[in-house]
Amino acid sequence: MADKVFSTKATATGGREGHVKSDSGFLDLPLQMPDKNGIPDDATNPEQLFAAGYSACYDGALNLMASKAEVDISSETTAEVSLLKDPADNGFKLAVTLHVHIKGADQDQAEELAHRAHEFCPYSKATGGNIDVDLQVTAG
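Read on for a plain summary of the structure.

What counts and how
- Residues numbered from 1 in each chain as written.
- Predicted model: local features only at pLDDT ≥ 70, side-chain atom pairs only at ≥ 80, totals over all residues.
- Heavy atoms only, no water.
- Buried < 20%, exposed > 50% of the residue type's maximum accessible area, 1.4 Å probe, protein only.
- Salt bridge = Lys/Arg side-chain N within 4 Å of Asp/Glu carboxyl O.
- Helix = DSSP H or I, 4+ residues; strand = E, 2+ residues; numbered from the N terminus.
- Pairing = 2+ DSSP bridges.
- Axes fitted to C-alpha atoms, helices over the stretch in contact; angles between N-to-C directions.

**Focus on unusual backbone geometry**
Across the chain, the bulk of peptide bonds are trans and the bulk of non-glycine residues have phi less than zero.
No. 1: The phi dihedral of Glu70 is positive, around 55 degrees, even though this residue is not glycine.
No. 2: Residue classification places Glu70 among the exposed residues on the basis of a relative accessible area of 75%.
No. 3: Even without a glycine there, the phi angle at Asn90 is positive, about 65 degrees.
No. 4: What makes Asn90 exposed here is its relative accessible area of 72%.

**What about the pattern of salt bridges?**
No. 1: Counted under the stated rule, the structure contains 2 salt bridges.
No. 2: Arg16 is the partner of Glu47 in a salt bridge, and the nearest nitrogen-oxygen pair spans 2.4 Å. Within this pair, whereas Glu47 is found in helix H1 (residues 46–68), its partner Arg16 is found in the loop between strand S1 (10–13) and strand S2 (19–22), the two being separated by 31 residues in sequence.
No. 3: Judged by its relative accessible area of 11%, Glu47 falls in the buried class.
No. 4: Look at Arg16 and you get partly exposed, because its relative accessible area is 29%.
No. 5: Residue Arg116 pairs with Glu112 through a salt bridge whose shortest N-O separation is 2.3 Å. With a gap of 4 residues between them, Arg116 and Glu112 both fall in helix H2 (residues 107–120), about one helical turn apart.
No. 6: You can call Arg116 partly exposed: its relative accessible area is 34%.

**Topic: the sheet that holds S2**
No. 1: Read across the sheet, 3 strands follow the order S1-S2-S3 without closing on themselves; strand pairing throughout is antiparallel. Looking along the sheet, the strands with just one partner apiece sit at the ends: S1 and strand S3 (28–30). Strand-to-strand twist across the sheet, computed as the mean angle between neighbouring axes with direction ignored, equals 15 degrees.
No. 2: By the bridge criterion, 4 bridges tie S1 to S2 in an arrangement that is antiparallel. Across the sheet, residue Ala12 finds its bridge partner in S2, namely Val20.

Spatial relationships are all this shows, so hold off on functional conclusions.
See the structure below:
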């Protein structure tokens, strides 16, 4: 195993209808399954938590790649995480669309930076070959 840089913990109780809390206590949230009306305003779910982590990690990797390329950008990344039916086992699986908006680069440069970030981002590495990740990149 490589040298550990950072480690954190979160504990869930009650599954998708329970509660999740981080080791620091800062993240302390009720969990609830979406219903036909969507996600309730007073709870979250594992997909939202994954989307938050992935978008933050990816946007950080994107800004690092831009900095290394000496390109001054501002960016916004939205991770759209979908829970899909999995016909292989009649269960479920995840898919992600990363909506990446980059100011300060033309479309070709933005796409190149986005793909470099996808190769570098720890979340992208963790999901590689496991779930479908679609990059939707726009320059502005």
